[in-house]
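# A look at the structure
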Amino acid sequence: MNATARERFDHWRELIGRTRASEVASAHADDFRAETRHLELGPVTLLRTSFPSARFWRTERMARRSDAGVHHLTLLLDGDMALSRDTRHPTEAFAPGDLHLLDGSDPFDLRAFASPSSPATSPATSPATSPAASPDRAERRVEAVGVDFPTALLPIPPQRLRTVLGRGFSGREGTSALLADFLVGLDRQAALLGPAEAPRLGAVVVDLIAAWLARELDAETALPDDTRRRALVENVHAFIRRNLHDPELTPASIAAAHHISVSYLHRLFTQHSGGETVAAWIRRRRLERAHRDLADPALRTLPVHAVATRCGIPSPSDFSRAFRTAYGLPPGEHRRLALAGGTDG
């Protein structure tokens, strides 16, 4: 192994060990290329990793020295994993889109295998939320997002969590899909987040983890009201983003989909969205999507009015007026400048 490769591997291993104490080995250590990104969200850490096949393990002796009171959540995006905990638990296999939770003071043996086929997309199976490409996608990678958080932040007794530890859960539907999509989106927006946003987003991550675990444990009624409300708000946000194309998306239809009254939706939304109304939030998201789509070279042949329709604004005049108000120039001019490499200020 040359010195440069050894340094890369040792540095990566040290980064992983900052929050997840374990031994690490890889058959690719003699030519190791990986990516790791830490995002500090108050007491919560988001860990984005892309690496070749590797093995991670924590012995009983290491576990006794490990920090108690921390849990590790992993969302696998690409590749495969096999987890062995002890003789009392069968080996668990994880596929892309699966979530699993570990206690930070338990021993484990985790083997991660890079996928031999084409890279998988995120749990939402949407190209817009697929994992960020590594520098050389010809080299297969394991892709994952992890969350490390203090157990004390969860409004669920630690003993209740023992039944879900080490098990694989699909991140493709219900509350688990909301959690998975939020983690992937948070990683994608990491570079744009301001320091003041970090603690709030960390709290949202824990609320979503709590809502997911409570559902798996049939303990939703045990969650504090604040946790349930914040999780509901994120669920509403995700529902709106998925349905922006529908011109019939209204507060009434959103409330009905979540089995709450329209008045409660408005009250909940303004409390947790900085005073912004449901209709204003929908309008802003539609314009943001249109702004992005108009600058996309792949959509350059799509007429401006068709872009607006895709974003749930079928009236060309309404779209043009709202776009100009939001961005200071007509949508066609924004597209021309963006595709020419200019800026629209």
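Everything below is about the structure printed above this text.
Model, not experiment: these values are computed from the prediction.

## Re unusual backbone geometry
You will see that His259, though not glycine, has its phi angle at about 60°, which is positive. Within the secondary structure, His259 is located in the loop between helix 7 (251-257) and helix 8 (262-272). In this structure His259 comes out as exposed when scored by relative accessible area, which is 74%.

## Some words on the environment of Asp207
Tracing the chain through its elements places Asp207 in helix 5 (residues 198-216). Judged by relative accessible area, Asp207 falls into the buried class, the value being 5%. Once the C-alpha coordinates of Asp207 and Thr227 are considered, the two residues, 20 residues apart in sequence, prove to be 5.4 Å apart. Excluding residues that lie within four positions of it along the chain, Asp207 makes contacts with Thr227, Arg230 and Ala231.

## Examining the side chain of Ser176
Within the fold, Ser176 resides in helix 4 (residues 174-188). A relative accessible area of 5% means that Ser176 is categorised as buried. If we ignore the near neighbours within four places in the chain, the residues touching Ser176 are Leu99, Ser170, Gly171 and Trp212.

## Observations regarding the packing of helix 9 (residues 278-294) against helix 11 (residues 316-327)
What describes two packed helices is the angle between their axes and the distance between those same axes. Taken N-terminus to C-terminus, the directions of helix 9 and helix 11 make an angle of 90°; their axes are 11 Å apart at the nearest point. On the basis of their axis angle, the class for helix 9 and helix 11 is roughly perpendicular. Along the contact surface, helix 9 presents Leu287, Glu288, Ala290, His291 and Leu294, while helix 11 presents Phe319, Ala322, Phe323, Ala326 and Tyr327. Its residues assigned to classes, the contact of helix 9 with helix 11 shows eight nonpolar, one polar and one charged.

## Here we look at helix 11
For helix 11, spanning twelve residues, the distance from its first C-alpha to its last is 16 Å, which sits close to the expected 16 Å at 1.5 Å a residue. Of the residues trailing helix 11, Gly328 is marked for its positive phi of about 80°.

## Re the pattern of salt bridges
For the coordinates displayed, the defined rule picks out 21 salt bridges. Across the salt bridge formed by Asp225 and Arg228, the nearest N and O atoms sit 2.8 Å from each other. With Asp225 and Arg228 both in helix 6 (residues 225-242), this residue pair falls three residues apart, about one helical turn. A salt bridge links Glu333 to Arg336, with the shortest nitrogen-to-oxygen separation between them at 2.7 Å. Here Glu333 and its partner Arg336 are both found in helix 12 (residues 331-339), three residues apart, which amounts to about one turn of the helix.

## Here we look at the packing of aromatic side chains
Following the criterion strictly, the structure yields ten aromatic pairs and no others. Ring centres of Phe51 and Phe56 lie 5.6 Å apart, and the angle between their planes is 80°; this geometry places the pair in the edge-to-face category. On the accessibility criterion, Phe51 (3% relative accessible area) is buried. Assessed through its relative accessible area of 8%, Phe56 is described here as buried. Centre to centre, the rings of Phe169 and Trp212 are 5.5 Å apart; their planes meet at 85°, and the pair counts as edge-to-face. With Phe169 in strand 11 (residues 169-170) and Trp212 in helix 5, the pair connects residues that are 43 residues apart, well separated along the chain. Here Phe169 matches Trp212 in class, with each residue buried.

## Looking at the environment of Thr250
Topologically, Thr250 is positioned in the loop between helix 6 and helix 7. Separated by twelve residues in sequence, Thr250 and Val262 have C-alpha atoms that sit 9.8 Å apart.

Each value, and the rule that gives it
- Residues numbered from 1 in each chain as written.
- Predicted model: local features only at pLDDT ≥ 70, side-chain atom pairs only at ≥ 80, totals over all residues.
- Heavy atoms only, no water.
- Helix = DSSP H or I, 4+ residues; strand = E, 2+ residues; numbered from the N terminus.
- Buried < 20%, exposed > 50% of the residue type's maximum accessible area, 1.4 Å probe, protein only.
- Contact = heavy atoms within 4.5 Å.
- Axes fitted to C-alpha atoms, helices over the stretch in contact; angles between N-to-C directions.
- Parallel < 35°, antiparallel > 145°, perpendicular 65-115°, else oblique.
- Nonpolar A, V, L, I, M, F, W, Y, C, P; charged D, E, K, R; others polar.
- Expected span 1.5 Å × (residues − 1).
- Salt bridge = Lys/Arg side-chain N within 4 Å of Asp/Glu carboxyl O.
- Phe/Tyr/Trp six-rings, centres within 6.5 Å; stacked < 30°, edge-to-face > 60°.

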